[in-house]
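Listed here are the chains, written in short residue letters.
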Amino acid sequence: MFPSVMESQTLGVNNLTSTTNQKRIAENRKILKSILKTVIFLGNQNIPLRGHRDDSKHLDLESNSGNFQKLLEFRCDAGDATLMEHFKKCSKTSTYRSKTIQNELIDCLKEWIQKTIIDDIKMNRYFSILADEASDCSNIEQMPLILRYVDSNGEVHESFLQFIWCDSGTSGEEIARLLIETVEGLGLDTKDCRGQCFDGAGNMSGVCKGASTRIKTQYPKVKYVHCASHRLNLCVTKTASVAQVKNMMDTLGELSRFFSNSPKRQGALSEKIKVLCPESKRSKLLYICQTRWVQRLDVMEVFSDIVVAVVETLDLIRMNAEKHWNPDSVVKANGLYHAITNFPFIAAYILTRECLSVTTSLTVKLQYANQDSNRAYLCLKAVRDTIEKYRSNLDSYYLLWFQQATALASLLEVDIQKPRTCGRQTQRSNIPAESVEQYFKRAIAIPILDHLYFEINDRFFSGQETILSAFSVLPATVLAKKEWAKPFKEFCMEYIDDLPSPSSLNVELHLWESYWKKTAESKKEVPKHLTQLLPIVDADLFPNIRAALVLLGTMPVTSCECERSVSLLRRLKTYLRSTMNQSRMNGLALLSVYSSQKIDIQAVIDIFARQHPRKMALLDIIN
């Protein structure tokens, strides 16, 4: 034996043992890979793993053992021989399909996804924090944490990391502490944070005790940005101070609830839509959101498509000729019918829709994850200028709007008249006017446009001048303006410690201008936006400018990504799985959010093997 081993004709005992061990490890990893793929599939598709019971003693054909257990059985039936053989031979305590293993595998997947994102952030160092609050179905306050950063390819990302359980309260102090501790717990340095974006709630943005103020006190470079979408919503909400607009919106809300609360009424409306509005793609009225006013424009558009069917349905119910409707439905239908078949409602509806429709595209534009401050404010400026144009040429625009109102009134056979006015009336709009046309112009159109213009101007175009002026470094601006360098340099001075070689900044600025002038002379396309510029900036030629551009890309615009995470929370934690622990919920949330990301299963198995040593050998410790 010994001579044959020395002559390499036979493997030694140690090598034989090692080879056998490696085969066993490879087989075990193959088994765990099948189980892990099942967890990933369910997480990506946002499907619950557990059933009524999923303990090992309930794994039989008669009980509802859950999607995870059934999918494992399906894999075996579909031809996964390795997994089938494992379940046949293993002991009851080594199946690796228990709820404990589920949680451990989900934790390992969560760790791998978070590490991938954190490593990407660390390569580029700087980031911003986006956060919001929402309560889940268990009435637990959850706060999604989003980090905005620019990757090494110059692309802007807003990445979800986890939900933070606000178990100690939602005061500004507690929220600031939770955010800082969570960010540092993920392995990042809060000193590298350069921005924070929240809504306008007092505990988040309060000047004295808000979370943003407390974070900025500890880290002065962290600029606070009030979410642009929330600010736009507040601007549009101001139109509710116009009495006729508020009454019109309340009526639309009651109308929506009248039909949505009764399948019988909704069925009658759907039938009328098929007959009277065959070209409409809508079959019901949309629900009016109480907080997001910008979404009410969609409600108004849907109402415009099916208004004839709505009026006819209300008339059918209120007349109750065939005695099919109960008295409550008849009374409500009668009230709503008279509420929407009068000219003040129609005028308020048309004028509000036309005046506010200018903000519709802006609402969508602000929700882009890679949106930068410059593009957002260019869009806002365009909206503000359009409103100013409406106001300056109101006579011509209002004439078109009023014609739409009269056309709709004629279609619904409504008399064109204004509300009664008298000298002592105080509870509603009592504006003197010589004609119906003049009355609604003064009572609705002018107040809406004035409120919208001044609110946008006040909420968006005061403050943050340093950040906005820094976008003068964009090539299109460099070629158009002579004094482009000064505002950009002022921004760089605020972050002088973040620049790789500040002493060469002036030289870079001169080189930057010459570079883009030569580019323009050669008839090449010049980048107009930050997202176009970041991927092509030469970090070796312009190190300081590249660093400053990364900081500009890191600055947040909205917290819309938080809203999307909250929507995920409602789908993830439902009344059927309301007792899910925080770690499991975060793991499943990450699997759902990053469902298109390819997961390195072997790396996840390595994490599992190191964190949870068990009977099944998964790592060759010696090698």
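Above: the structure in question.
In this text the structure is predicted, and so the values were computed from the model without any measurement. (Residues numbered from 1 in each chain as written. Predicted model: local features only at pLDDT ≥ 70, side-chain atom pairs only at ≥ 80, totals over all residues. Heavy atoms only, no water.)

1. A short note on the overall build of the protein
Looking only at helices and strands, one finds 27 helices and 6 strands in the protein. Judged by the C-alpha coordinates and their principal axes, the protein covers about 120 × 80 × 50 Å. Taking all 623 residues of the protein together, the buried fraction comes to 49%. Look at the contacts in the protein between residues 6 or more apart in sequence, and 70% of them connect residues 24 or more apart. On the protein, the mean spot of the 79 positive side-chain charges and the mean spot of the 70 negative ones are 2 Å from each other. (Helix = DSSP H or I, 4+ residues; strand = E, 2+ residues; numbered from the N terminus. Buried < 20%, exposed > 50% of the residue type's maximum accessible area, 1.4 Å probe, protein only. Contact = heavy atoms within 4.5 Å. Lys, Arg positive; Asp, Glu negative; His and termini not counted. Charge placed at Lys NZ, Arg CZ, Asp CG, Glu CD.)

2. Things to note about the side chain of S592
Mapped onto the secondary structure, S592 falls in helix α26 (residues 582–593). What makes S592 buried here is its relative accessible area of 14%. Sequence-distant contacts of S592, that is, excluding residues within four places in its chain, are made with G43, N44, N46 and L568.

3. Quick notes on unusual backbone geometry
The phi dihedral of R125 falls on the positive side, at around 75°, and the residue is not glycine. Looking at the element boundaries, R125 is found in the loop between α5 (99–124) and β1 (127–131). For K323, which is not a glycine, the phi torsion comes out positive at approximately 60°. Relative to the helices and strands, K323 is located in the loop between α12 (296–319) and α13 (327–340). Its relative accessible area of 68% is what places K323 among the exposed residues.

4. A few points about the pattern of salt bridges
All told, the structure shown has 26 salt bridges when counted by the stated rule. For D192, the salt bridge is made with R125, and the minimal N-O distance between the two is 2.9 Å. Highlighted residues: D192 in the loop between α6 (172–185) and β5 (193–198) and R125 in the loop between α5 and β1, separated in sequence by 67 residues. Judged by relative accessible area, D192 falls into the buried class, the value being 14%. Across the pair E513 and K517 runs a salt bridge whose closest N-O atoms are separated by 3.1 Å. With E513 and K517 both in helix α22 (residues 505–521) and 4 residues apart, the pair spans about one turn of that helix. (Salt bridge = Lys/Arg side-chain N within 4 Å of Asp/Glu carboxyl O.)

5. Focus: the environment of Q114
With respect to the element layout, Q114 can be found in helix α5. As for Q114 and S159, which are separated by 45 residues in sequence, their C-alpha atoms are 9.7 Å apart. Every residue in contact with Q114, bar those within four places of it in the chain, is listed here: L161, Q162, L186 and L590. Here the side chain of Q114 touches L161 through a polar contact of 3.1 Å, landing on its backbone oxygen. (Polar contact = N/O pair within 3.5 Å; in protein donor to acceptor, adjacent residues only side chain to side chain.)

6. Considering helix α14 (residues 343–356)
Each turn of an α-helix holds 3.6 residues, which means side chains three or four residues apart point in the same direction. Counted at 1.5 Å a residue, the expected span for α14 with its 14 residues is 20 Å, and the 20 Å between its end C-alpha atoms agrees. Burial analysis of α14 places 13 of its 14 residues in the buried class, which makes it a mostly covered element. (Expected span 1.5 Å × (residues − 1).)

7. Quick word on the packing of helix α25 (residues 560–572) against α26
It is the contact of α25 with α26, at a shortest axis distance of 11 Å, that shows an interaxial angle of 115°. Relative to α26, α25 is oriented so that their crossing is right-handed. Within the contact between the two elements, α25 uses L568, L569 and L572 and α26 uses M585, L588, A589, S592 and V593. In terms of residue class, the contact of α25 with α26 is made up of 7 nonpolar, 1 polar and no charged. (Axes fitted to C-alpha atoms, helices over the stretch in contact; angles between N-to-C directions. Left-handed = near helix turned anticlockwise from the far one by under 90°. Nonpolar A, V, L, I, M, F, W, Y, C, P; charged D, E, K, R; others polar.)

8. Structural notes on the nonpolar core
Membership of the largest hydrophobic core comes to 78 residues, with the highest contact counts inside it found for F303, V310, L314, F343, I346 and F440. With 13 residues, the single largest contributor to this core is helix α18 (residues 436–460). Among the nonpolar cores identified, the runner-up in size contains 75 residues, and L83, L145, L186 and I215 belong to it. (Core = buried A, V, L, I, M, F, W, Y, C linked by side-chain atoms within 4.5 Å.)

9. With respect to the packing of aromatic side chains
If you walk through the whole model with that rule in mind, you get 20 aromatic pairs. Measuring from ring centre to ring centre gives 5.5 Å for Y453 and F454, while their planes differ by 80°; the resulting arrangement is edge-to-face. Between the aromatic rings of W512 and W516, the centroid separation amounts to 5.6 Å while the plane-to-plane angle is 70°, which identifies the pairing as edge-to-face. Pair noted here: W512 and W516 are both in helix α22, with a separation of 4 residues, about one helical turn. W512 gets classed as buried once you look at its relative accessible area, which sits at 1%. A residue is classified by how much of its surface remains accessible, and W516, at 5% relative accessible area, is buried. An aromatic cluster of at least three residues, connected via ring pairs, comprises F343, Y398, F402, Y439 and F440. A cation over a ring is seen here: K264 above W325, with NZ or CZ 4.7 Å from the ring centre. (Phe/Tyr/Trp six-rings, centres within 6.5 Å; stacked < 30°, edge-to-face > 60°. Lys NZ or Arg CZ within 6 Å of the ring centre and 35° of its normal.)

10. Comments concerning α22
Between its first and last C-alpha atoms α22 spans 24 Å; for 17 residues at 1.5 Å apiece the expected length is 24 Å, and the two agree. Taken together, the buried positions of α22 are occupied by L505, E508, L509, W512, W516 and T519. For α22, the angular spread of buried residues about the axis comes to 100°, placing them on one side. Among the exposed residues of α22, those oriented more than 90 degrees off its buried face are V507, H510, K518 and E521. Contact partners of the buried residues in α22: α20 (475–480), α21 (485–494), α23 (530–533) and α24 (543–554). (Arc of directions from axis to C-beta.)

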